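Each chain is listed here by its residues.
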Amino acid sequence: MFEFKVLAECPETGARAGEFVTPHGVIPTPVFMPVGTLATVKAMSPDELKELGASIILSNTYHLWLRPGPELVEKAGGLHGFMNWDRPILTDSGGFQVFSLSSLNQITEEGVHFRSHLNGAPLFLSPELSMDIQEKLGADIAMCFDQCLKLPATREEAERATELTLKWAGRCKTAHSRSDQALFGIVQGGLFDDLRSRCADELTRLDFNGYGIGGLSVGETAQEMYACLDKLTPLLPRTKPRYLMGVGRPDNLLEGVARGVDMFDCVMPTRDGRTGTVHSSRGKYSIKASRFAEDFGPLDPDCSCYACTHFSRAYIRHLFRCGEILASRLISWHNLHFLVGLMRGARAAILDGTFPEFKARALSLMGGSYL
């Protein structure tokens, strides 16, 4: 039911183009996954996501556990039926919320004791419960429950998190029972190469359908991330997809692809859309800048999305300054189209043997806006 095929590889880099077959369709890789935390990608309809080329979206186990509850989603036919999305879905495990809500939790070997960020109610999330919730949600890809560390972290902290992640991965593997749902392990280890290597080795022995790379983009520099990927991706099975979790900056995506990563996700395109930040082939900028007051060109001269083909920077700036919700929708639409399209372009370049030139040209056009 799940098959990953590498169709082409770039000899000068580790970049590869592939296909991951799932029950709800084939995912072409490399791929950027829009994030739909609460079973919706903010401000976007399913048809709009399809129009901009999204082949898979991500939803969040922790948040859907609290609202509306996995039992209700299951009654609706799983996430696909509930949100009317007939393409692949990935659910994260709740592990990142352990990290992001650190002031509200206590981590034990059995699991994590929480207080709800909504009302302070006591909660407990374990590997087994994460699997049960994700099976009820019914996504094509589920993620193992893991412990994500904020960086920088001490050696002792990283060792503890790695050990817990490995124990929890084994328990997730045992508890997971849906044959129509892939399960990915998550490699942790901070910035310690030996811990990452050990984690990758032990997870590979458990033979997951794919492997997430967690605990990056959480406080380290871009160069530290790249150095970690340089050492780690060659240790992961060539025949399984590799997923760099929570990374969405265009330069990070291209550098990740060059190091053999197949899948990415990030809330950045829609989060920045709500604050007026535009990501484009010419770099990042704020639509609020006064220089756009009489700029009747598109958000991105190289973009064919709905926002860029129908509206000007001047108009969208006007909407944003007036607090009109359409501004956030249009910028989110463009940002998503740009990142999904960037990965589609990278894939095409890998297939035709021009990825190094594609990457160099794209980074050159963006200039230093992401430094």
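Residues numbered from 1 in each chain as written. Predicted model: local features only at pLDDT ≥ 70, side-chain atom pairs only at ≥ 80, totals over all residues. Heavy atoms only, no water.

Notes on the sheet that holds strand β6 (residues 89-92)
Part 1 of the reasoning: Reading across the sheet, the eight strands line up as β4-β14-β13-β12-β11-β10-β6-β5 and stay open at both edges, with parallel pairing between neighbours. Only two strands of the sheet have a single partner each, and these edge strands are β4 (31-34) and β5 (57-60). The mean angle between the axes of side-by-side strands here comes to 25°, regardless of whether they run parallel or antiparallel.
Part 2 of the reasoning: Here β5 pairs with β6 via four bridges, running parallel. Opposite Leu 58, over in β6, you have Leu 90 as the bridge partner.
Part 3 of the reasoning: Taken strand by strand, helix α14 (residues 325-352) contacts β4 and β14 (263-266), and its axis lies near 155° from that of β4. (Pairing = 2+ DSSP bridges. Helix = DSSP H or I, 4+ residues; strand = E, 2+ residues; numbered from the N terminus. Axes fitted to C-alpha atoms, helices over the stretch in contact; angles between N-to-C directions. Contact = heavy atoms within 4.5 Å.)

Some remarks on the layout of surface pockets
Part 1 of the reasoning: One number sums up the size of the largest pocket: a volume of about 630 Å³.
Part 2 of the reasoning: Lining the largest pocket are 32 residues, and of these Phe 96, Met 245, Gly 246, Asp 265 and Val 267 lie nearest its centre.
Part 3 of the reasoning: Secondary-structure elements contributing two or more residues to the lining of the largest pocket are β5, α5 (95-100), β14 and α11 (268-275).
Part 4 of the reasoning: The dominant element in the lining of the largest pocket, judged by the number of residues it contributes, is α5, at three residues.
Part 5 of the reasoning: Here the second largest pocket defines a volume of roughly 340 Å³.
Part 6 of the reasoning: Broken down by secondary-structure element, the contributors of at least two residues to the lining of the second largest pocket are α14 and α15 (355-366).
Part 7 of the reasoning: A total of six residues in the lining of the second largest pocket trace back to one element, the largest contributor, which is α14.
Part 8 of the reasoning: Across the lining of the second largest pocket, the residue classes tally to seven nonpolar, five polar and four charged. (1 Å grid on protein atoms, 1.4 Å probe; cavity = no way out; pocket = protein on both sides within 12 Å on 5 of 7 lines; lining within 4 Å. Points joined across faces, edges and corners; volume = space filled by probe spheres on them. Nonpolar A, V, L, I, M, F, W, Y, C, P; charged D, E, K, R; others polar.)

Some words on the packing of aromatic side chains
Part 1 of the reasoning: Tallied over the entire structure, the rule returns 11 aromatic pairs.
Part 2 of the reasoning: One cation-aromatic arrangement involves Lys 173 over Phe 208; the distance from NZ or CZ to the ring centre is 5.3 Å. (Phe/Tyr/Trp six-rings, centres within 6.5 Å; stacked < 30°, edge-to-face > 60°. Lys NZ or Arg CZ within 6 Å of the ring centre and 35° of its normal.)

Describing the environment of Ala 258
Part 1 of the reasoning: Position of Ala 258 relative to the elements: it lies in helix α10 (residues 250-258).
Part 2 of the reasoning: When its relative accessible area of 10% is taken as the criterion, Ala 258 is described as buried.
Part 3 of the reasoning: Taking C-alpha positions, Ala 258 is 8.3 Å from Pro 356, a pair spaced 98 residues apart along the chain. (Buried < 20%, exposed > 50% of the residue type's maximum accessible area, 1.4 Å probe, protein only.)

Topic: the side chain of Arg 259
Part 1 of the reasoning: Locating Arg 259 in the fold gives a position in the loop between α10 and β14.
Part 2 of the reasoning: For Arg 259, a relative accessible area of 18% corresponds to the buried category.
Part 3 of the reasoning: Setting aside residues up to four positions removed in sequence, Arg 259 forms contacts with Gly 14, Tyr 226, Leu 229, Asp 230 and Thr 233.

A word on the pattern of salt bridges
Charged atoms that come close allow side chains of opposite charge to pair.
Part 1 of the reasoning: Taken as a whole, this structure holds 25 salt bridges when the rule is applied.
Part 2 of the reasoning: Measuring nitrogen to oxygen at the nearest pair gives 2.9 Å for the salt bridge that ties Arg 171 to Glu 128. With Arg 171 in helix α7 (residues 155-175) and Glu 128 in helix α6 (residues 127-137), this residue pair connects regions lying 43 residues apart in the sequence.
Part 3 of the reasoning: Looking at Glu 128, the relative accessible area reads 33%, which means it is partly exposed. (Salt bridge = Lys/Arg side-chain N within 4 Å of Asp/Glu carboxyl O.)

Some details on the environment of Ser 55
Part 1 of the reasoning: Here Ser 55 is to be found in the loop between α1 (46-51) and β5.
Part 2 of the reasoning: Those residues within four positions of Ser 55 in sequence are excluded, and the remaining contacts are Ile 27, Pro 28, Val 31, Trp 85, Arg 87 and Pro 88.

Here we look at the UniProt feature "active site" (unreviewed entry) in the chain
Part 1 of the reasoning: With numbering aligned to this structure, UniProt lists the feature "active site" (unreviewed entry) at Asp 92 and Asp 265. Taken along the chain, the residues just named run across 174 residues; in space they keep tight, none of their C-alpha pairs more than 10.6 Å apart. Filtering the just-named annotated residues for those lining the largest pocket gives Asp 92 and Asp 265.
Part 2 of the reasoning: Within the element layout of this structure, Asp 92 appears in strand β6. (UniProt positions renumbered as here; feature names shortened; annotations may be inferred.)

A word on the UniProt feature "binding site: Zn(2+)" (unreviewed entry) in the chain
Part 1 of the reasoning: Here, UniProt's "binding site: Zn(2+)" (unreviewed entry) annotation points to Cys 303, Cys 305, Cys 308 and His 334. The greatest C-alpha distance among the residues just named is 8.1 Å, despite their covering 32 residues of sequence, which places them together in space. None of the other annotated residues line the second largest pocket; only Cys 303 do.
Part 2 of the reasoning: As for its position among the elements, Cys 305 is in the loop between β16 (283-286) and α12 (306-310).
Part 3 of the reasoning: Residues contacting Cys 305, with those up to four places away along its chain left out, are Trp 333, His 334 and His 337.
Part 4 of the reasoning: Along the chain, Cys 308 falls in helix α12.

Description of the side chain of His 279
Part 1 of the reasoning: In this structure, His 279 sits in strand β15 (residues 277-280).
Part 2 of the reasoning: Excluding residues that lie within four positions of it along the chain, His 279 makes contacts with Pro 250, Met 268, Asp 272, Lys 284, His 334, Asn 335, Phe 338 and Tyr 370.

Section: the nonpolar core
Part 1 of the reasoning: Grouped together as the largest cluster of nonpolar side chains are 93 residues, with contacts concentrated most on Phe 32, Leu 49, Leu 244, Ile 287, Met 343 and Phe 355.
Part 2 of the reasoning: Take this core: its biggest share by element is 13 residues, from α14.
Part 3 of the reasoning: The contacts of Leu 49, once residues within four sequence positions are left out, are Val 41, Met 44, Ala 54, Ile 57, Trp 85 and Leu 336.
Part 4 of the reasoning: With 18 residues, the next largest nonpolar core counts Ile 27, Val 35, Leu 58 and Ala 182 among its residues. (Core = buried A, V, L, I, M, F, W, Y, C linked by side-chain atoms within 4.5 Å.)

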